[in-house]
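# Structure assessment
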Amino acid sequence: MKPVSRSADPVSLDETMSRGWQALTEEVVDGWRCRFSGGVTKRANSVLPLSEPRDVAAAITGIEDRYAGKGLPAVFQISPDSLPSDLDALLAERGYLLDSPTLVQYLPLEDSGNQPPVPVDARIELSGLPGEGWLNAFCEVEGPHGAPQQGISRDILANTDSIYASLAVDGAIEAVARLALVGNLGGIYSVATREAFRSRGHGRAVVRALLVEASRLKLAGVWLQVVESNLVARALYESMGFESVSRYHYRVGPAARL
């Protein structure tokens, strides 16, 4: 069951997720939302095509010009709600490459048996802001690694009210995760464990802590996004009760390959 749908709510699942990792600036081109954040992450530097343009070919050309003007490739996030319905095929014909097939998973919390027990792992701390230790751990695992790009990442994180989980041992953070707060839903992002400390259950522990917090806040449910090929992460999330409710992938313009 999807947490949001067009029939029940004017806010689509794609829009909700976009608010969880919100771009620094946005522009609308004939109904398509263009997101710009200095090239840091495809999520925050791609087109969310949830309305059908009057002239699709002209809209694509306009998108390409806008992104090129910012020194970025044109990238589209394609999901079952993308419009027009044949947009994926149209972009493929123009030479756009398919990238990062991703599953969207959801765990209902409201009026269900999915409320997790209070975690006993006292090593986990929660904060309303990403401290330097949290940011350093996340960027070490996921990037970006340059200081200017890390500053952009910090600004993206600050665009959405969130809760940050850190698992520290002897004062050193070994794993992190983030819960973005969007309306009555939460989104799990930025689950990362430093390489030397993997296979110790850290990922499960930080996600579990955020689910406990989501339950305490009486959120209706929590979504997350997991790359389809990441079988280890998928097994973890499914063991915690998450189920796939949608999917998306990116179409990356030819300029990105130059």
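What this report covers is the structure whose coordinates are included nearby. (Residues numbered from 1 in each chain as written. Predicted model: local features only at pLDDT ≥ 70, side-chain atom pairs only at ≥ 80, totals over all residues. Heavy atoms only, no water.)

### Description of the environment of Ile173
Looking at where Ile173 falls in the secondary structure, it is placed in strand 8 (residues 172-182). According to the relative accessible area criterion, Ile173 is buried, its value standing at 17%. The spacing of Ile173 and Phe138 is 35 residues in sequence and 9.7 Å in space, taken between C-alpha atoms. Contact partners of Ile173, with chain neighbours within four places excluded, come to Gly133, Trp134, Ala137, Ser166, Leu167, Ala168 and Arg194. (Helix = DSSP H or I, 4+ residues; strand = E, 2+ residues; numbered from the N terminus. Buried < 20%, exposed > 50% of the residue type's maximum accessible area, 1.4 Å probe, protein only. Contact = heavy atoms within 4.5 Å.)

### Looking at the nonpolar core
If you look at the biggest cluster of nonpolar residues, it comprises 31 residues, and the most contacted ones within it are Met17, Trp134, Val176 and Trp223. Mapped onto this core, the elements with two or more residues apiece are helix 1 (13-20), strand 5 (97-108), helix 4 (132-142), helix 5 (147-158), strand 8, strand 9 (185-193) and strand 11 (243-252). No other element matches helix 4, which puts five residues into this core. Beyond its immediate chain neighbours, meaning those up to four positions away, Trp223 contacts Thr16, Met17, Gly20, Gln105, Tyr106, Val182, Leu185, Gly186, Gly187, Ile188, Tyr189 and Phe242. (Core = buried A, V, L, I, M, F, W, Y, C linked by side-chain atoms within 4.5 Å.)

### Some words on the layout of surface pockets
Each pocket or cavity is described by its volume, and for the largest pocket that value is around 1200 Å³. Every residue lining the largest pocket is counted, 39 residues in all, and those nearest its centre are Glu142, Ser190, Val191, Asn230 and Tyr237. Secondary-structure elements contributing two or more residues to the lining of the largest pocket are strand 5, helix 4, helix 5, strand 9, helix 6 (202-216), strand 10 (221-227), helix 7 (231-239) and strand 11. Class assignment of the residues belonging to the lining of the largest pocket gives a composition of 18 nonpolar, 14 polar and seven charged. (1 Å grid on protein atoms, 1.4 Å probe; cavity = no way out; pocket = protein on both sides within 12 Å on 5 of 7 lines; lining within 4 Å. Points joined across faces, edges and corners; volume = space filled by probe spheres on them. Nonpolar A, V, L, I, M, F, W, Y, C, P; charged D, E, K, R; others polar.)

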